[in-house]
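Spelled out, the chains give:
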Amino acid sequence: MTKHRNSIVFWAGAAVFLIAVLSMTQIVRNEYPFFAGYVILQFIALAVAWSILGGYAGYVNFGTNAFFGVGVYTAVALFKATGAPLVVQIAAAAVVGMTLGFGVGLLTLRMRGIFFSIATIALAIIIETFVMNWRFVGGAAGIQIQRPPVMAPFDSYVKMLFFVQALLVVIAVSIARYIQNSRIGRGLQALRDDELAAECTGVPTLKLKLVACMISGALISAAGAPAAMYLQYADPSSAFNLSYSVSALAMALIGGTAHWIGPVLGAILLGSTQQLLAVTISSEVNVLVLGIMLVLFVVGAPKGIIGLLRPRYRLRAGGKP
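Under an unreviewed UniProt entry, the name given to the chain is Branched-chain amino acid ABC transporter permease, and the source organism is Bradyrhizobium valentinum. The chain has a UniProt comment under Subcellular location (unreviewed entry) that states "Cell membrane".

Right, here's the structure in full:
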């Protein structure tokens, strides 16, 4: 009964969130909140997707920018070749990201610790080098994107992208929540605590890690697909920027990886702070603030915001309040 009640509350909250976002696009006329809000929603999706492999399984992944860039350039290539609509671009990016996750997982998930992290950094460098020499999508110089006409009921493309990214957040959070409460999540937690012991007790560790890597890669690539339309431009140095990897990792750790809501809270806190600083001071201080906040939480609250809230709200690792 408790599990059923929690599911009802979750889906009701997701519906209210989407209705609020849709209403906001119809009421608010100033487009800046949607520009800033899109970035925050994008980081929520990235942090939640990162936590599926980096948090649940304990495999620290620095290749978020690789999957994000793959999502960007899958959308760009598809739009330039066929003029595909945004929903097709996102679906194609998710499929490519999942396929890449499977291939990368087979090659790297037998590594552990720092060796796996280094391998994921190398992945981003390899893919970025390939894209820089791919003339069809602009190469190193980048490519300008002409947005198609906006779809009803939206009156601007940025508002539509804001709503689309909100949908992707709901999808990412619901998948992360399902995994955490399922046998997959319990298996990932077992291998995170002691992979050798998990293998000895019959947990299919490699299979679970592959599943986590595929799902994480699909969600990250899907979140990156609308970025080219958002900026109306794409270039390798921006699409494969290491800041995506660092931000996703920091947001998940600041929020806490023991519960699906942790990365959401971390991304909202850090993303909102960065957007506020970009307006009031300069976007150049974002990395400095990210580093300071990460150090403070690692030292003062190693379990993140969730670790601070758990004694009060009784949040359990199983995902049930």
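1. Digging into the overall build of the chain
Looking only at helices and strands, the chain features 15 helices and two strands. When burial is assessed residue by residue, the chain has 52% of its 321 residues classed as buried. The long-range fraction of contacts in the chain, counting pairs at least 24 apart against all pairs at least 6 apart in sequence, stands at 79%. Entry remark: accessible area of the chain is about 14900 Å², with carbon and sulfur atoms responsible for 70%. Side-chain charges in the chain split into 21 positive and 9 negative, and the spacing between the mean points of these groups amounts to 13 Å.

2. Here we look at the pattern of salt bridges
Scanning all chains against the criterion turns up four salt bridges. Where Asp 155 meets Arg 29, a salt bridge forms, and the shortest distance between an N and an O atom there is 2.9 Å. Residue Asp 155 is found in the loop between β1 (143-144) and α6 (157-181), and its partner Arg 29 is found in the loop between α1 (2-27) and α2 (32-54); the two are separated by 126 residues along the sequence. When the shortest N-O distance is used, the salt bridge between Arg 192 and Asp 193 registers 3.8 Å. Via salt bridges that share partners, Arg 29, Asp 155 and Lys 159 belong to a single interconnected network.

3. Side note on unusual backbone geometry
At the junction of Ala 152 and Pro 153, the peptide bond is cis and its omega measures out at 5° in the coordinates. Positive phi values are uncommon outside glycine, yet Gln 232 reaches one of about 60°. Mapping Gln 232 onto the fold places it in the loop between α10 (227-231) and β2 (233-234).

4. Structural notes on a nonpolar patch on the surface
Together, Met 111, Ile 114, Phe 115 and Ile 118 give the surface a local cluster of nonpolar side chains, amounting to about 410 Å² of exposed area. Considering the arrangement of structural elements, one finds Ile 114 in helix α5 (residues 114-132).

5. Notes on helix α3 (residues 64-82)
Three- or four-residue spacings in an α-helix give side chains the same orientation, since the helix completes a turn every 3.6 residues. For α3, built from 19 residues, the straight-helix expectation of 27 Å at 1.5 Å per residue is met to within 8% by its first-to-last C-alpha distance of 27 Å. Counting buried residues in α3 gives 15 out of 19 residues, a clear majority hidden from the surface.

6. Thoughts on the nonpolar core
Ranked by internal contacts, the top residues of the largest apolar core, which has 104 residues, are Val 72, Tyr 73 and Val 76. When near neighbours in sequence (up to four residues on either side) are disregarded, Val 76 contacts Val 137, Ile 143, Ile 145, Ala 228 and Ala 234.

7. Looking at the UniProt feature "transmembrane region" (unreviewed entry) in the chain
Per the UniProt entry, the sites bearing "transmembrane region" (unreviewed entry) are residues 7-28, 34-53, 60-80, 86-107, 114-137, 157-179, 210-233 and 287-309 in this numbering. With 100% helix and 0% strand, the stretch residues 34-53 has end C-alpha atoms that lie 29 Å from each other. A helix fraction of 100% and a strand fraction of 0% characterise residues 86-107, whose end C-alpha atoms lie 31 Å from each other.

8. Some thoughts on the environment of Ala 49
Looking at the element boundaries, Ala 49 is found in helix α2. The class of Ala 49 is buried, set by a relative accessible area of 0%. Along the chain, Ala 49 and Ala 172 lie 123 residues apart, while their C-alpha atoms are 6.5 Å from each other. Contact partners of Ala 49, with chain neighbours within four places excluded, come to Ser 216, Leu 219 and Ile 220.

9. Topic: the packing of helix α12 (residues 243-255) against helix α13 (residues 261-280)
Interaxial distance between α12 and α13 falls to 7 Å at its minimum, and their mutual angle equals 120°. Between α12 and α13, the interaxial angle falls into the category oblique. Where α12 crosses over α13, the handedness of that crossing is right-handed. Every residue of α13 that contacts α12 at Ala 250, Met 251, Ala 252, Ile 254 and Gly 255 is listed here: Gly 262, Pro 263, Gly 266, Ala 267, Leu 269, Leu 270, Gly 271 and Gln 274. Among the residues making up the contact of α12 with α13, the classes are represented as eight nonpolar, five polar and no charged.

10. A look at the environment of Ile 305
Mapped onto the elements of the fold, Ile 305 is located in helix α15 (residues 304-313). Judged by its relative accessible area of 16%, Ile 305 is buried. If near-sequence neighbours (up to four positions away) are discounted, Ile 305 is found in contact with Ile 254, Gly 255, Gly 256, Leu 265, Gly 266, Leu 269 and Phe 297.

11. Some words on the packing of helix α4 (residues 86-108) against helix α9 (residues 205-224)
When two helices pack together, their arrangement is given by the angle between their axes and by how far apart the axes lie. Here α4 crosses α9 at 145°, and the two axes come no closer than 7 Å. For the crossing formed where α4 meets α9, the hand is right-handed. Residue-level inspection shows Ile 90, Ala 93, Ala 94, Gly 97, Met 98, Gly 101, Phe 102, Gly 105 and Leu 106 of α4 in contact with α9, the latter providing Leu 210, Cys 213, Met 214, Gly 217, Ala 218, Ser 221 and Ala 222. For the contact of α4 with α9, the class distribution of residues is 11 nonpolar, five polar and no charged.

Cut-offs used in this document
- Residues numbered from 1 in each chain as written.
- Predicted model: local features only at pLDDT ≥ 70, side-chain atom pairs only at ≥ 80, totals over all residues.
- Heavy atoms only, no water.
- UniProt positions renumbered as here; feature names shortened; annotations may be inferred.
- Helix = DSSP H or I, 4+ residues; strand = E, 2+ residues; numbered from the N terminus.
- Buried < 20%, exposed > 50% of the residue type's maximum accessible area, 1.4 Å probe, protein only.
- Contact = heavy atoms within 4.5 Å.
- Areas by Shrake-Rupley, 256 points an atom, 1.4 Å probe, with all protein chains shown as cover.
- Lys, Arg positive; Asp, Glu negative; His and termini not counted.
- Charge placed at Lys NZ, Arg CZ, Asp CG, Glu CD.
- Salt bridge = Lys/Arg side-chain N within 4 Å of Asp/Glu carboxyl O.
- Patch = residues over 30% accessible without salt bridge, like charges linked within 9 Å, V, L, I, M, F, W, Y side chains within 5 Å.
- Expected span 1.5 Å × (residues − 1).
- Core = buried A, V, L, I, M, F, W, Y, C linked by side-chain atoms within 4.5 Å.
- Axes fitted to C-alpha atoms, helices over the stretch in contact; angles between N-to-C directions.
- Parallel < 35°, antiparallel > 145°, perpendicular 65-115°, else oblique.
- Left-handed = near helix turned anticlockwise from the far one by under 90°.
- Nonpolar A, V, L, I, M, F, W, Y, C, P; charged D, E, K, R; others polar.

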